[in-house]
Amino acid sequence: MTRIGILGGTFDPIHYGHLVIAEDARVYLHLEKVLIVPAYQPPHKPNGSYSPFQYRVRMVELAIARNPHLALSLIETRLPVPSYTTDTVRALQAELGVDAELHFIMGMDSLANLLTWHKPDELVRLCHIVVAERAGYQVDIAKLEQSVAREGRAAACVLH
């Protein structure tokens, strides 16, 4: 079983916080690598409110160039728009195969809004949710677990 992390986002710009979260999750969870997946067309942001995709991709390339455990994934360029995380994770699983165990990495701010995402219950079934703490955000994980159908899987693993 290959353990793969996925860190998605607009990355406008990518910053040290993103890189620290990716690396912490990789080390803590013994992930082989973490895929950095820029959103092609983020569904929660109005068009034109973020930099063009090719600029955001170039920022990611430069930011991860010296870390062999981080890799850029352009999978969202091959998917319908807008970019829904559930579709991205499903496509990555198909691309990587059934032997890939996927861990979707997000901040506590994103987890706080998870129920507003497209098909959050399916997302929780497709992968492990890994959450980095973020100052000012608290989530009642027990309540979240009651809200999503997870087939015996915890809704989220929180990195402290």
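What you see is a predicted model; the values in this text were computed from it and never measured.

Trainee: Would you take a moment to explain the packing of aromatic side chains for this structure?
Mentor: Aromatic rings in a pair are described by how distant their centres are and how their planes are angled relative to each other. By the definition in use, this model includes two aromatic pairs. Arranged with centres 4.9 Å apart and planes meeting at 70°, the rings of Tyr-40 and Phe-53 form a pair that is edge-to-face. Of the two residues, Tyr-40 sits in the loop between strand 2 (33-38) and helix 2 (53-64) while Phe-53 sits in helix 2, which places them 13 residues apart along the sequence.

Trainee: I'm lost on the sheet that holds strand 2 in this one. Help?
Mentor: Note on sheets: strands pair through backbone hydrogen bonds, and any given pair is parallel or antiparallel. Taken together, six strands build an open sheet; the order of strands is 3-2-1-4-5-6 and the sheet is parallel. Only two strands of the sheet have a single neighbouring strand rather than two, namely strand 3 (70-72) and strand 6 (157-159). The mean inter-strand angle of the sheet, taken between neighbouring strand axes irrespective of direction, is 30°. Direction of pairing for strand 2 relative to strand 3: parallel, over a ladder of three bridges. Within strand 3, the residue paired with Ile-36 across the bridge is Leu-72.

Trainee: Help me understand the environment of Arg-56, please; the structure alone is not making it clear to me.
Mentor: By the secondary structure assignment, Arg-56 is in helix 2. On the basis of relative accessibility, which here comes to 0%, the residue Arg-56 falls in the buried class. Between the alpha carbons of Arg-56 and Ile-14 there is a distance of 7.8 Å; along the sequence they are 42 residues apart. Excluding residues within four positions of it along the chain, Arg-56 makes contact with Thr-10, Phe-11, Asp-12, Pro-38, Ala-39, Tyr-40, Tyr-50 and Ser-51. Engagement of the side chain of Arg-56 in a polar contact is seen with the backbone oxygen of Ala-39, the distance being 2.8 Å.

Trainee: Would you mind showing me how to read helix 2 here?
Mentor: Helical geometry: 3.6 residues make up each α-helical turn, so side chains three or four residues apart lie on a common side. Its 12 residues give helix 2 an end-to-end C-alpha distance of 17 Å, which sits within 8% of 16 Å, the value for a rise of 1.5 Å per residue. All buried positions along helix 2 are accounted for by Phe-53, Arg-56, Val-57, Val-60 and Ile-64. Taken down its axis, helix 2 places every buried residue within 100° of arc, on the same side. Across helix 2 from its buried face, at more than 90 degrees, point the exposed residues Tyr-55 and Leu-62. The elements touched by buried residues of helix 2 are helix 1 (16-29), strand 2 and strand 3.

About the thresholds
Residues numbered from 1 in each chain as written. Predicted model: local features only at pLDDT ≥ 70, side-chain atom pairs only at ≥ 80, totals over all residues. Heavy atoms only, no water. Phe/Tyr/Trp six-rings, centres within 6.5 Å; stacked < 30°, edge-to-face > 60°. Helix = DSSP H or I, 4+ residues; strand = E, 2+ residues; numbered from the N terminus. Pairing = 2+ DSSP bridges. Axes fitted to C-alpha atoms, helices over the stretch in contact; angles between N-to-C directions. Buried < 20%, exposed > 50% of the residue type's maximum accessible area, 1.4 Å probe, protein only. Contact = heavy atoms within 4.5 Å. Polar contact = N/O pair within 3.5 Å; in protein donor to acceptor, adjacent residues only side chain to side chain. Expected span 1.5 Å × (residues − 1). Arc of directions from axis to C-beta.

By themselves, these are just geometric observations and shouldn't be taken as functional.
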